[in-house]
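In case you want the letters, here they are:
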Amino acid sequence: MLNVERLRALCSVADLGSLAAAADALHVSASGVSQQLGRLEKELGVAVVERQGRGVRLTDAGALLARRGHRILSLLERAESEVASMHGDVVGALRLGAFVSASRTVLPRAVASLQAHHPHLEVTLAEGEAEWLIPHVLRRQLDLAVVDSWSTLPLEIPQDVSIHFLHRDVADLALPADHPLAERTVVRLADLSGVPWAAWSEGTGFHDWLVQSLRGQGVEPRIDFRVAEFATHLEFVARGLAAALIPRLAHLPTPEGVRVVHTEPELYREVFALSRRDNDRPTVRAGITALQDAFVET
């Protein structure tokens, strides 16, 4: 009979590509993962990994077992969820992840509510963007992830993930107060050709969203200031140096010298909580409810 923890170690190596990454995900040492794989090989009588340079790669037998192992682990998690649901007790651990704006403005309220209503629940939170959060849900490193999907740059959701709607957020245009368009109530994105922008760095979801939104209106964005945080973007706007797109969920005060207006077309995103389909524990359901309630108050 295969040992579940050894199977989990193999699946983690398959997912993450190295002993060190698997060890971090499983909260054990790299030597501990190596020992688990060694015992698994002894049980099976075949090698499941082999050395490749300074790392390892799965053998054909290891790759086959990892594919089957993912299904086995999913079935076990579903069975655990079903048994836990019979009692309905909200106890144990709930591992949350969320993008930056949500973790700053909404998640503290949701976590406080969870701990007030379920004192035996241990809640942790990790911050990241969707490209980091979704794999962590799939690998069972997070129970729930709060992600955003912009109308101009929709998020791809894997089939193994359940989607729970939380909120609809809108982004506004921040212009220097003396800009010729700043007196308008609504500004067409198509009228912003040649305007310098403050935006997040290349490779981030917010950078790609801004570029996609402007190009969709025939504007090639000129991004002069690639800096993190919307509050920093607003400081560049206040100095008359750039324009910026600011989501309302960021809940930022408008500095002196900045005019905030609506855009045409409206730029909006939908915020979701994501969980694995096989993870329907009472803790996860409680987390979804707390998040939905917290976003209602936003």
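Residues numbered from 1 in each chain as written. Predicted model: local features only at pLDDT ≥ 70, side-chain atom pairs only at ≥ 80, totals over all residues. Heavy atoms only, no water.

1. Details of the nonpolar core
Okay, so step 1: Counting 32 residues, the largest nonpolar core has Leu173, Leu192, Trp197, Trp209 and Leu210 as the members making the most contacts within it.
Okay, so step 2: Among the elements of the structure, β6 (161–176), β8 (196–199), α8 (205–215), α9 (230–238), β10 (244–247) and β11 (258–264) are those that each provide at least two residues to this core.
Okay, so step 3: When residues of this core are assigned to their parent elements, the largest contribution, five residues, is made by α8.
Okay, so step 4: Excluding anything up to four places from it in sequence, Leu210 contacts Trp197, Ala199, Pro221, Ile223 and Leu245. (Core = buried A, V, L, I, M, F, W, Y, C linked by side-chain atoms within 4.5 Å. Buried < 20%, exposed > 50% of the residue type's maximum accessible area, 1.4 Å probe, protein only. Helix = DSSP H or I, 4+ residues; strand = E, 2+ residues; numbered from the N terminus. Contact = heavy atoms within 4.5 Å.)

2. What to know about a nonpolar patch on the surface
Okay, so step 1: Taken together, the side chains of Leu2, Leu44 and Val46 make up a nonpolar region of the molecular surface, amounting to roughly 210 Å² of accessible area.
Okay, so step 2: Inspection of the secondary structure puts Leu2 in the segment before α1 (4–16).
Okay, so step 3: Overall, the relative accessible area of 32% leaves Leu2 in the partly exposed class. (Patch = residues over 30% accessible without salt bridge, like charges linked within 9 Å, V, L, I, M, F, W, Y side chains within 5 Å. Areas by Shrake-Rupley, 256 points an atom, 1.4 Å probe, with all protein chains shown as cover. Salt bridge = Lys/Arg side-chain N within 4 Å of Asp/Glu carboxyl O.)

3. Things to note about the packing of aromatic side chains
Okay, so step 1: One pass over the structure, following the stated rule, counts seven aromatic pairs.
Okay, so step 2: Centroid distance Trp200 to Phe230: 5.4 Å. Interplanar angle 70 degrees. Geometry classified as edge-to-face. Taken as a pair, Trp200 in the loop between β8 and α8 and Phe230 in helix α9 lie far apart in primary sequence, 30 residues in all. The residues Trp200 and Phe230 share a single accessibility class, namely buried.
Okay, so step 3: Three or more aromatic residues joined by ring pairs make a cluster, and in this case those are Trp150, Trp200, Phe206, Trp209 and Phe230.
Okay, so step 4: Over the face of the ring belonging to Tyr268 we find Arg168, whose NZ or CZ atom lies 4.0 Å from the ring centre. (Phe/Tyr/Trp six-rings, centres within 6.5 Å; stacked < 30°, edge-to-face > 60°. Lys NZ or Arg CZ within 6 Å of the ring centre and 35° of its normal.)

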